[in-house]
Structure formats: structure tokens, C-alpha cells
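# Structural description and commentary
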Amino acid sequence: MSFVQVIEFDTTHEQDIQRVMDDWRDSTENERTVTHTTLTRDHTRPNHYVAIVEFPSYEEAMRNSSMPETDALARRMRDLCDGPPRFVDLDVIRDEDL
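Described in the following lines is the structure provided in the data block.

Thresholds applied
Residues numbered from 1 in each chain as written. Predicted model: local features only at pLDDT ≥ 70, side-chain atom pairs only at ≥ 80, totals over all residues. Heavy atoms only, no water. Helix = DSSP H or I, 4+ residues; strand = E, 2+ residues; numbered from the N terminus. Expected span 1.5 Å × (residues − 1). Buried < 20%, exposed > 50% of the residue type's maximum accessible area, 1.4 Å probe, protein only. Arc of directions from axis to C-beta. Contact = heavy atoms within 4.5 Å. Salt bridge = Lys/Arg side-chain N within 4 Å of Asp/Glu carboxyl O. Core = buried A, V, L, I, M, F, W, Y, C linked by side-chain atoms within 4.5 Å. 1 Å grid on protein atoms, 1.4 Å probe; cavity = no way out; pocket = protein on both sides within 12 Å on 5 of 7 lines; lining within 4 Å. Points joined across faces, edges and corners; volume = space filled by probe spheres on them.

A few words on helix α3 (residues 68-80). Given a rise of 1.5 Å per residue, 13 residues ought to cover 18 Å, and the 19 Å separating the end C-alpha atoms of α3 matches this to within 8%. Three or more residues of α3 are buried, namely T70, L73, M77 and L80. Angular distribution of buried residues about the axis of α3 spans 85°; they occupy a single face of the element. More than 90 degrees from the buried face of α3, the exposed residues found are P68 and D79. Contacts made by the buried residues of α3 are with β1 (3-10), α1 (14-27) and α2 (58-65).

In C-alpha cells form, the structure reads like this:
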């Protein structure tokens with residue numbers, strides 16, 4: 001079963017967040033288990049962001065989470081945020097291209 005993690009956070013450092021994400025992507029090539037990411041900005045609250053991170057399974061998400069590079073990403077992002085992020089862990093029960 002596919003697994004999605006939704007991460008909500010507030011920051012005034014969007015470009016720095018983008019660089020941190022790029023660094024993580026580049027440093028985890030051929031190791032990460034993430035299959036897709038989407039970073040969004042709230043249209044009515046411009047400092048509020050939602051990242052949607054997709055994995056093949058919960059187990060693969062946990063394997064990705066245990067990587068030192070992922071831990072470093074999380075620490076760097078926390079330093080750039082205006083408060084703690086909010087995580088929502090979701091098992092995908094239906095997924096369609098329409």
C-alpha cells in the first residue's frame with residue numbers, strides 16, 4: 001500500500017527551504033525511497049507551506065526517515081521554520097489519474 005506524508009510549516013525563508021530540499025535530493029540519489037514530492041504555498045497565507053511526500057509503502061518511508069541525510073534535512077528545515085512542522089501520515093486507499 002502506498003504511503004503519503006503531508007508536512008505543514010510556516011517560514012519566511014522559501015528560497016532557503018528550496019535549497020535545502022535540493023541538497024537532500026542531490027545527496028540521496030539512488031538511496032532515497034521517496035517517489036514523488038510536491039511543495040505548495042498557501043494562496044491566502046503566503047508564509048504557510050504544505051509538502052506532500054509519496055512513498056511506495058510505510059516501511060519504505062521509515063527506511064527513508066532513518067537515513068542520516070533525511071535527519072540533516074529535518075534539522076535544517078526546522079531551523080528555517082517559524083515553529084514546529086505538523087506531520088500527517090496517510091495510507092493511500094485510492095489513487096486515480098483523472
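There's more to say after this.
Attention now moves to the pattern of salt bridges. One pass over the structure, following the stated rule, counts 10 salt bridges. When the shortest N-O distance is used, the salt bridge between D22 and R25 registers 3.3 Å. Placement of the pair is D22 and R25 together in helix α1, with a separation of 3 residues, close to one helical turn. Judged by relative accessible area, which is 39%, R25 ranks as partly exposed. R45 is paired through a salt bridge with D42; the nearest N and O atoms lie 3.5 Å apart. Owing to a relative accessible area of 25%, D42 belongs among the partly exposed residues under this scheme. Shared partners join several salt bridges into a network, and the residues in it are D22, R25 and D26.

For the rest of this paragraph, the subject is the nonpolar core. F9, I17, F55 and M77 are the most contacted members of the largest nonpolar core, which has 16 residues in total. Of all elements in the fold, only β1, α1, β3 (48-55) and α3 reach the threshold of two or more residues within this core. The element contributing the most residues to this core is β3, with 4 residues. Setting aside its immediate chain neighbours within four residues, M77 contacts F9, I17 and V20.

Moving on, we come to the layout of surface pockets. Space inside the largest pocket adds up to approximately 740 Å³. What lines the largest pocket is a set of 31 residues, among which I7, W24, V53, L73 and M77 lie closest to the centre. Here the lining of the largest pocket gets 6 residues from one element, more than from any other, and that element is α3.

A few words now on α1. Turn by turn, an α-helix covers 3.6 residues, leaving residues three or four places apart pointing in a common direction. Taking 1.5 Å of rise per residue, the 14 residues of α1 would be expected to cover 20 Å, and the 20 Å separating its terminal C-alpha atoms lies within 8% of that figure. All buried positions along α1 are accounted for by E14, I17, V20 and W24. Projected onto a plane normal to the axis of α1, the buried residues spread over an arc of 120° and lie on a single side. Where α1 is buried, its residues contact β1, β2 (36-41), β3, α2 and α3.

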